[in-house]
Amino acid sequence: MIPPQDDEETPFLQRPDSPEQPKAKTPLPWDQFWLLLLLEIPDFLSARTLAPFIPQLIRDIGVTHGDESQVGYYVGILGSSSSAAHTLTIFHWSRLSDHIGRKPVMLTALSAISVSMFSFGLSKTFLGLVANRVICGAFDSSGAVLKTLVMDITDTTNMPKAYGYTPIPVMIATTVGPLIGGLLSQPADRFPNIFGRSELLKTYPYLLPCSISAFFISIIWLVAYICLKESVSTRTPLWELIKGGFFGQSRSKPRQSSCNVTFDPANPGEVQSKPLPLRALLTSKVLSVTASYTTMGLFHMAFSSVLPVFYATPIELGGLSLDPPRIGALLAASGIIQGIFQLLFYARLHDRFGARAIYITGISSGIPIVILFPVINALARAYGIGMAVWLCVAVQLTLKTSLIMCFPSMILFIRAAAPNRASLGATTGIAQVALAVGRIVGPASAASIFSYSLQEGHDAWLIYYFLIAIVFLAVGTALLLPRYPNV
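The protein chain goes by Major facilitator superfamily domain-containing protein in an unreviewed UniProt entry, where it is assigned to Suillus fuscotomentosus. Per UniProt, the protein chain has the following entry under Subcellular location (unreviewed entry): "Membrane".

> Mind showing me how you'd approach unusual backbone geometry here?
Trans peptide bonds make up most of the peptide bonds, and negative phi angles are found at most residues other than glycine. One non-glycine residue, histidine 65, lies in the positive phi region at around 55 degrees. Following the sequence through the fold, histidine 65 ends up in the loop between helix H3 (54-60) and helix H4 (71-100). Accessibility expressed as a relative area gives 74% for histidine 65, which makes it exposed. Within the chain, glutamine 186 stands out as a residue other than glycine whose phi angle is a positive 50 degrees.

> Help me understand the pattern of salt bridges, please; the structure alone is not making it clear to me.
A pair can form between side chains of opposite charge whenever their charged atoms are brought close. One pass over the structure, following the stated rule, counts four salt bridges. A salt bridge links lysine 229 to aspartate 31; the shortest N-O distance between them is 3.7 Å. Here lysine 229 is found in the loop between helix H13 (207-227) and helix H14 (238-243), whereas its partner aspartate 31 is found in helix H1 (residues 30-39), with 198 residues between them in sequence. For lysine 229, a relative accessible area of 47% corresponds to the partly exposed category. The shortest N-O distance in the salt bridge between arginine 102 and aspartate 152 comes to 2.8 Å. Remark: aspartate 152 occurs in helix H7 (residues 142-153) and arginine 102 occurs in helix H5 (residues 102-121); sequence separation between them is 50 residues. Exposure remark for arginine 102: the relative accessible area of 3% places this residue in the buried category.

> For this particular structure, what's the right way to read the packing of helix H20 (residues 366-383) against helix H24 (residues 462-478)?
The geometry of a pair of packed helices is captured by two quantities: the angle between their axes and the separation between those axes. Relative orientation of the contacting elements H20 and H24 amounts to 175 degrees, with a least axis distance of 9 Å. Between H20 and H24, the angle falls in the class roughly antiparallel. Contacts from Gly366, Ile367, Val370, Phe373 and Pro374 in H20 reach Tyr464, Leu467, Ile468, Val471 and Phe472 in H24. Residue classes in the contact of H20 with H24 are distributed as nine nonpolar, one polar and no charged.

> Just to check I follow, could you spell out the environment of threonine 49 for this structure?
Of note, threonine 49 is situated in helix H2 (residues 41-50). Classification of threonine 49 by relative accessible area gives buried; the value is 0%. Note: C-alpha distance between threonine 49 and glycine 328 (279 residues apart in sequence) is 8.6 Å. Those residues within four positions of threonine 49 in sequence are excluded, and the remaining contacts are Met117, Gly177, Pro178, Ile180, Gly181, Pro209 and Ser213.

> Explanation requested: helix H22 (residues 406-417) in the structure shown.
Taking 1.5 Å of rise per residue, the 12 residues of H22 would be expected to cover 16 Å, and the 17 Å separating its terminal C-alpha atoms lies within 8% of that figure. H22 sits mainly inside the fold: 12 of its 12 residues count as buried. Buried within H22 are the following residues: Cys406, Phe407, Pro408, Ser409, Met410, Ile411, Leu412, Phe413, Ile414, Arg415, Ala416 and Ala417.

> What is the right way to look at the confidence of the model for the protein chain in this model?
The predicted structure's coordinates, where accompanied by low pLDDT, should not be read in detail. For the protein chain, per-residue confidence averages 81 on the pLDDT scale, and 86% of positions sit at 70 or higher. Of all secondary-structure elements in the protein chain, the lowest mean pLDDT belongs to strand S1 (residues 261-263), at 35, while H13 reaches the highest, 94. Of the regions scoring below 50 in pLDDT, residues 1-20 engages in 61 contacts with residues more than four places distant in sequence or in other chains. In this model residues 247-272 is a low-confidence stretch, pLDDT under 50, and it forms 48 contacts with partners more than four residues away in sequence or in other chains.

> What should I look at first to understand helix H9 (residues 167-184) in this one?
Spanning 18 residues, H9 covers 25 Å between terminal C-alpha atoms, matching the ideal 26 Å at 1.5 Å per step. Within the sequence span of H9, burial applies to Pro167, Pro169, Val170, Met171, Ala173, Thr174, Thr175, Gly177, Pro178, Ile180, Gly181 and Gly182. Each element contacted by the buried residues of H9 is listed here: H1, H2, helix H8 (159-165), helix H10 (187-190), H13 and helix H18 (324-353). Following H9 by one or two positions, glutamine 186 has its phi on the positive side, about 50 degrees.

Calculation rules
- Residues numbered from 1 in each chain as written.
- Predicted model: local features only at pLDDT ≥ 70, side-chain atom pairs only at ≥ 80, totals over all residues.
- Heavy atoms only, no water.
- UniProt positions renumbered as here; feature names shortened; annotations may be inferred.
- Helix = DSSP H or I, 4+ residues; strand = E, 2+ residues; numbered from the N terminus.
- Buried < 20%, exposed > 50% of the residue type's maximum accessible area, 1.4 Å probe, protein only.
- Salt bridge = Lys/Arg side-chain N within 4 Å of Asp/Glu carboxyl O.
- Axes fitted to C-alpha atoms, helices over the stretch in contact; angles between N-to-C directions.
- Parallel < 35°, antiparallel > 145°, perpendicular 65-115°, else oblique.
- Contact = heavy atoms within 4.5 Å.
- Nonpolar A, V, L, I, M, F, W, Y, C, P; charged D, E, K, R; others polar.
- Expected span 1.5 Å × (residues − 1).
- pLDDT = per-residue confidence, 0-100.

Printed below as a string of structure tokens:
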């Protein structure tokens with residue numbers, strides 16, 4: 001059952017402790033919310049399954065020709081290819097969900113993730129790997145649609161609590177994914193007694209982890225097909241949208257007021273709204289939130305792309321010389337820490353300090369996170385991989401928890417910035433396009449600069465200067481956010 005929502009004449013998000021209009025907190029609609037938590041898993045599971053073995057995969061296919069300094073460069077290209085395709089399509093998928101409903105768009109996204117994961121394991125060339133990631137990125141709108149689904153079934157009083165639970169599936173995916181990718185890659189070599197006779201797994205050493213993830217995602221698709229209820233009350237058939245010039249309409253001038261809302265004073269509970277064209281969505285609130293989301297996403301993706309490459313790079317070149325199983329275990333431990341902390345404390349911290357304070361604190365934690373990279377390598381050079389190194393690694397991954405809490409805080413600002421409820425999907429799509437731009441620029445630029453800095457004669461600290469500059473840019477845009485989302 002979808003709970004009643006506030007009408008478009010009131011702010012989308014009010015502080016629960018607002019003295020003007022105190023409200024009792026609405027219970028979460030668990031009959032559908034549990035399913036949304038389940039649907040959070042595939043996107044994270046697929047990405048985290050690939051992360052531990054991608055550096056080794058790049059080496060195996062021979063695209064670097066044995067040049068270790070080029071591994072990060074190709075890892076960045078692979079990560080950015082998916083985001084580039086995602087950027088070109090995510091707004092249209094999100095806006096389409098306002099018209100035809102969330103469920104068909106969500107099922108399409110899950111299908112794309114599952115198929116691309118399986119075919120990724122069968123790829124033997126770098127071009128094949130890129131093609132798989134591009135296809136996945138072009139059709140995967142699950143992140144944006146899920147955010148909109150949560151907005152659809154929650155209200156202003158229980159939305160922070162809802163995002164307190166989202167770490168559960170993220171923790172599962174970020175724990176299980178690296179373990180699958182790290183432990184089950186190259187199974188014929190790692191477990192010769194079990195898989196040593198399989199010519200298939202010898203030929204395709206990364207097929208097993210990719211297939212297992214694809215299988216789990218297929219099961220989730222089936223559950224969603226059976227159990228997920230549509231949250232968009234008024235839907236338009238896809239063929240009618242195509243005949244009506246759906247994609248051209250997104251760039252047309254709005255023919256109604258900026259809010260595109262019809263409000264009947266005689267019946268204040270009856271509010272009719274329609275999805276807005278693109279120009280009407282580009283309000284100052286939406287633009288300021290989008291700027292913050294872009295810079296935060298840029299840093300998060302740059303850091304996330306550098307981290308496994310840093311772990312895999314030899315110590316003498318500036319890394320830690322860790323193998324895929326250890327990298328997978330570290331990323332899994334990080335996922336557990338982040339999930340438990342957000343589950344236990346996010347809603348309480350939001351009620352106490354507000355979304356803006358959490359967001360600024362989280363993005364500011366990027367400063368010590370970056371500083372710890374050269375510190376960890378210096379300790380490894382001086383003393384080897386010992387207690388001091390592992391302590392600094394643990395501190396860095398713990399600080400990442402604060403950074404991760406920026407995401408639920410930003411979703412609250414996005415919901416509040418939407419001009420009307422019928423345009424929630426499109427507004428979320430604009431923000432996701434901005435995030436996708438960060439995901440393109442972040443991995444490609446950070447991994448390339450990291451590889452460049454490893455080459456002889458170049459400043460080894462260049463990558464850290466770059467990351468610190470992004471952090472300060474993100475903090476600057478964060479200061480533009482209102483104190484409360486509804487302001």
